[in-house]
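Each chain is listed here by its residues.
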Amino acid sequence: MQCFQPKVTVPAVSPPLLPVVRGSGFPLRRTTSQTAGLASLRRPVRVPSTGRGCGRPASAGRSRRLLCSCSAGAVVCETDLLFVPAVDGHCEVLRVLPASKPTSLRRILVLPGNPGLAQYYRSFARYVCENLQAEVHVVGWVGHVQASVRKTVTGRKRRLHGIDDQVASAQEYFSRWSLEGEQQGREGIFLIGHSIGAHVAFKILAERGEHVAGVVALFPFLQYNFNSFTLAWQNAALRIPLAQPAVATLGTVLCSLPIPLRRAIMRNGIKDMDEEYALLTLNSLLPRRMLRQWFWMGMTEFDALKCEPPYTLYERNRDRVQFVYTADDCWAPLEIRDQLADRGLGVHTIEARHQFCTTEAGSSTLAAKVASLYDAIRSESSAIQQVV
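Reading the values: the criteria
Residues numbered from 1 in each chain as written. Predicted model: local features only at pLDDT ≥ 70, side-chain atom pairs only at ≥ 80, totals over all residues. Heavy atoms only, no water. Helix = DSSP H or I, 4+ residues; strand = E, 2+ residues; numbered from the N terminus. Buried < 20%, exposed > 50% of the residue type's maximum accessible area, 1.4 Å probe, protein only. Areas by Shrake-Rupley, 256 points an atom, 1.4 Å probe, with all protein chains shown as cover. Core = buried A, V, L, I, M, F, W, Y, C linked by side-chain atoms within 4.5 Å. Contact = heavy atoms within 4.5 Å. Pairing = 2+ DSSP bridges. Right-handed = clockwise from strand over helix to strand, strands pointing away.

Draft legend 1. Expanded view of the overall build of the protein. Scanning the protein from N- to C-terminus turns up 13 helices and 11 strands. Classification of the 388 residues of the protein by burial places 56% in the buried group. Working note: accessible area of the protein is about 16400 Å², and carbon and sulfur atoms make up 55% of it.

Draft legend 2. Layout of the nonpolar core. In terms of nonpolar packing, the biggest core is built from 92 residues, with Phe124, Phe202 and Phe323 touching the most fellow members. Beyond its immediate chain neighbours, meaning those up to four positions away, Phe323 contacts Phe202, Ala217, Pro220, Leu222, Tyr314, Leu340, Leu345, Gly346, Val347 and His348.

Draft legend 3. Quick look at unusual backbone geometry. In this chain, Asn114 is followed by Pro115 through a cis amide linkage whose omega measures 15°. Topologically, Pro115 is positioned in the loop between β6 (106-111) and α1 (122-132). Here Ser195, not a glycine, exhibits a phi torsion of approximately 60°, which is positive. Along the chain, Ser195 turns up in the loop between β8 (189-194) and α4 (196-208). Of the residues examined, Ser195 reaches a relative accessible area of 7% and is grouped as buried.

Draft legend 4. Broad picture of the pairing of strand β10 (residues 321-325). Most of β10 sits inside the fold, with 5 of its 5 residues counted as buried. Looking at chain direction, strand β9 (residues 212-218) and β10 are connected through 4 bridges and run parallel. Paired with Val216 across the strands is Gln322, a residue of β10. Taken together, β10, helix α12 (residues 334-342) and strand β11 (residues 346-349) constitute a β-α-β crossover, and its handedness is right-handed.

And the structure:
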């Protein structure tokens, strides 16, 4: 996969979209081209271009739309990043479309894990777009935006957002995109939920099931794993009164260091990531506000998932729900997989890491699996409709 070299043009009128924060490791191209926007969504706020580092703003510049055209063989897709107002904050929306723009464009909504930066799913969304010739939107979590963008679009300090806020934000985005599709006569939206994103996807299925074409849960975090030592100590650490401020302060200190030194300190955490995602981690996850938001959401996840998963919901929608698991995953334990399989639900096990989206290989593998499950759900739904 290789992106075209940057080419800069200055638009006569600045489009109402927000630019990507530089320093994320993604080559980008500025362009005046316009693609179909989400007309029914709240108008995204403009922010000036920003510079490198842990969210350090550069000199103010004109707001521009950033578009990245990526090619793989004969398939080309276009990617852009928006920042959308949601639940007393903003969230990233990574949008990927096939350059060919087929008339019957499928719609896929990706709900990420925690931390909810949409840019982590850039490769995965591109592969899904290529495999299914679909319009793919990755909706990041509220407050999980890069620091320089947060300062510009909010203008004041915002509260931390827990899992309930993320569910409300995702449901609002889904409802608006669904309404737009209805007006255009398009089919329902297909949901992909990764980790805690699977929990949010099933919340949408429960509330707006008639507009959901199907759900694929990738390594789903559906219930707190009481048998996991990793989750036990993380849960305990998050509840120590001074733990979160202390770690957030440490992140601020790391942000003041040059990237090579940051990389050396964080080498164990980023050693298995591709370079672009390692840079995204070093530049975007370390600011104080981002760390506190990340930890706060994690704590609310643990509180929300101590009850039994909604098996009745899964069984009622067995024809359009699929689960994907991997071994040695404390967030998606195989015990839950076995319980789902015992209930006759579609369960699959593959060899991959929980944080698959931080490598091209992992993204490609999971996107191929999602494409096969998408076709299986469509075929089963068609068969049921013929019987009815």
